[in-house]
Amino acid sequence: MRKLCIPGLFFTFLWSSLCLAQPTLNSGSFADPNSAGLKSFYAGNDGGLYYFVRNGSDIYWAMEHPGRDYGHVFQGRLEGSTISGSWWDIPKYGRSRSGEVTLAVNQNGDRLSVTSSSGGFPSNRLQTVSLKQVINQLPRQRNPGFTTNTISNLNGAWRSEKRTVMYIRQFGLRVIAFGETPFSNDQQPATAFLMVGFRNGNDLNVQIVHLPKGRTRDQGRGRFRVTGVNSIQKLSGTNTEGVNWSRYFPNISIPLTTVLNLMEGPFFNRLDIVLDNLNDDNRNPQQNSSVNLRNIMRDPYRFDLPYVQGAFTRYHLSNLTSIGSTDLRIDPNNPRRITLSAEFEEDGRELAGVVRRTNEIAAARSGHIFHPQVDIRLRLINQNGAISYEVESVRFTGDFDPNFTPFDVMDQTVNHYLRPALQEALREMFNAAPVKNAFSNALRTMVTSANTNINNQLNAAGLGNVEITGLVLQGNNIVLQFD
């Protein structure tokens, strides 16, 4: 072991010098950038932060912008006072460009000027800064800005068993990466590094360079092996704070209203209500009335609907399949509250009733309930990695026929029998486990349905074939989870 002293390097505490134990490497010693007039930290005129490392004539840096969606890795050479090489955006951020850049080293390395560039290099000038000046701006780990889900392309974020995250980008056979351990605000990560190298089949052979963003200093060769679509194993080489790496995927947020509107036809617009307490043999039929969600429930939910028996008359609701359409209303102030409104569509949206003498079935006259409607109010909730609901209220409304007599018979039929029986039946049906499960499954299906904006968003992020492991309500959004 030998000691490397770096005078004048500023850390959180203003040390005048820092001596680090540094192993001798076969690939060359780790050199202080200051020995060639270069510094460890630069800020671009665009606000990006640059972490520089020099090894002889080899120059490496990683760049991140604290407030914009881009960052890159650079590999190049120093010849005299000129640095030239290649840069590649990393999938820690959303931009995915690459190009060449040449810089002139001015003012003993305090300032670097871009003399030529391609691909949209983000800075024109780089000015030296101290770690103390930028430590509260160091970007922390984040979900990847772009990713893939194939064994042939390693783009994406990879997490180790030590929770180190490595953002890999693959260009043909070339592989570049930026990695860092977790850290808190106003601190450095224990380790930050970049990798540049090549892929040969499922083997990666790379140069690993620790960056001054982190506290450790090292560099050397490394070997990795791709062991699956979303798994990599480190075989040997310089420390990267992890051996087993798994690609993980960004959670995607989708407006809740977008998904609910897609569900109106496949789930909500399937409600059937049958009201029937009329038969021809003067007996009260048992469980002739029912509520049902077509193609969701195997059997209708049946219930009794007694008729009103007067001294000489009965008031019945005739055999009536009464629901033809539903309307889904979403609370604009709280999309987690939704109301399923169902209107009866027989006889001009009326419930037809029949009054008859006890023993004279043919001698009957009709009375109606105008504009009958059922409102079922649900509140969406998170439940075990899925989205379900609670039934907040069920309400039946309608207007009595003002010309119908006796009025008290209709009032008793509706308020004492129909309303409570129907409301309770609907509440029990929507509270049934099979219906709640069907709702959760339908919602999950909607977020990945083909030819939807949601599906397009997943495909754009490289997640079209990735299994969704959970759906979670966050605010007014549904968050799709992938690990």
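Below you will find a few notes about this structure. (Residues numbered from 1 in each chain as written. Predicted model: local features only at pLDDT ≥ 70, side-chain atom pairs only at ≥ 80, totals over all residues. Heavy atoms only, no water.)

What follows concerns the overall build of the protein chain. Of the regular secondary structure elements, the protein chain holds five helices and 32 strands. Going through the 483 residues of the protein chain one by one, you find that 51% of them count as buried. Long-range pairs, those at least 24 residues apart, make up 55% of the contacts in the protein chain between residues at least 6 apart in sequence. (Helix = DSSP H or I, 4+ residues; strand = E, 2+ residues; numbered from the N terminus. Buried < 20%, exposed > 50% of the residue type's maximum accessible area, 1.4 Å probe, protein only. Contact = heavy atoms within 4.5 Å.)

This brings us to unusual backbone geometry. Despite not being glycine, Gln107 has its phi angle at roughly 50°, a positive value. Along the chain, the position of Gln107 falls in the loop between strand E8 (98-106) and strand E9 (111-117). Residue classification places Gln107 among the exposed residues on the basis of a relative accessible area of 52%.

The subject of this paragraph is the environment of Ile338. Examined against the element boundaries, Ile338 turns out to sit in strand E27 (residues 337-344). The residues contacting Ile338, other than those within four sequence positions of it, are Leu260, Phe268, Leu328, Arg329, Ile330, Ile376, Arg377, Leu378 and Leu380.

Let's shift gears to the packing of aromatic side chains. One pass over the full model with this rule turns up eight aromatic pairs. Geometrically, the ring pair formed by Trp61 and Phe121 is edge-to-face, given 6.4 Å between the ring centres and 65° between the ring planes. Residue Trp61 is located in strand E5 (residues 58-64), and its partner Phe121 is located in the loop between E9 and strand E10 (125-128); the two are separated by 60 residues in the primary sequence. Here Phe121 falls in the buried class, since its relative accessible area comes to 8%. On the numbers, 5.7 Å between centres and 70° between planes, the contact of Trp87 with Phe121 is edge-to-face. Pair noted here: Trp87 is in strand E7 (residues 82-89) and Phe121 is in the loop between E9 and E10, with a separation of 34 residues, a long-range link. Accessibility expressed as a relative area gives 0% for Trp87, which makes it buried. One aromatic cluster is present, formed by Tyr42, Tyr50, Phe52, Trp61, Phe74, Trp87 and Phe121 through successive ring pairs. Note that Arg159 overlies the ring of Tyr248, its terminal NZ or CZ placed 3.9 Å from the centroid. (Phe/Tyr/Trp six-rings, centres within 6.5 Å; stacked < 30°, edge-to-face > 60°. Lys NZ or Arg CZ within 6 Å of the ring centre and 35° of its normal.)

Attention now moves to the pairing of strand E18 (residues 244-248). Across four bridges, the pairing between strand E11 (residues 156-160) and E18 is antiparallel. Within E18, the position partnered with Arg159 by the bridge is Ser246. Sheet topology places strand E17 (residues 231-237) next to E18; three bridges connect them, and they run antiparallel. Bridge pairing in E18 places Gln233 opposite Asn244. Between the antiparallel neighbours E17 and E18 lie six residues, among them Glu241 with a positive phi of about 55°. (Pairing = 2+ DSSP bridges.)

Right, let's get into helix H4 (residues 433-447). The end-to-end C-alpha distance of H4, which contains 15 residues, comes to 22 Å, matching closely the 21 Å that a straight helix rising 1.5 Å per residue would cover. Of all the residues in H4, the buried ones are Val435, Lys436, Ala438, Phe439, Ser440, Ala442, Leu443, Met446 and Val447. (Expected span 1.5 Å × (residues − 1).)

Of note, Leu154 is situated in the loop between helix H1 (131-134) and E11. Classification of Leu154 by relative accessible area gives buried; the value is 0%. A sequence separation of 14 residues divides Leu154 from Ile168, and the C-alpha atoms of the two residues are 6.3 Å apart. In this structure, Leu154 is in contact with Thr148, Ile168, Gln170, Arg199, Leu204, Val226, Ile232 and Arg247, ignoring residues within four places of it in sequence.

Further remarks concern the nonpolar core. Formed by 55 residues in total, the largest nonpolar core has its most connected members in Leu422, Leu426 and Phe430. The greatest single-element share of this core, amounting to nine residues, is contributed by helix H3 (residues 407-431). Formed by 27 residues, the second largest nonpolar core is a distinct cluster that contains Tyr51, Ile90, Ala157 and Val209. (Core = buried A, V, L, I, M, F, W, Y, C linked by side-chain atoms within 4.5 Å.)

Moving on to the pattern of salt bridges. Evaluation of the coordinates by the stated rule reveals 15 salt bridges. Residues Asp58 and Arg77 are paired through a salt bridge, measuring 2.7 Å at the closest nitrogen-oxygen approach. Highlighted residues: Asp58 in strand E5 and Arg77 in strand E6 (residues 71-79), separated in sequence by 19 residues. Take Arg77: its relative accessible area is 41%, and that puts it in the partly exposed class. We note a salt bridge from Arg379 to Glu392, for which the minimum N-O separation is 3.5 Å. Here Arg379, found in strand E29 (residues 360-383), pairs with Glu392, found in strand E30 (residues 386-400); they are 13 residues apart in sequence, far enough to count as distant. On the basis of relative accessible area, Glu392 is assigned to the partly exposed category, the value being 29%. (Salt bridge = Lys/Arg side-chain N within 4 Å of Asp/Glu carboxyl O.)

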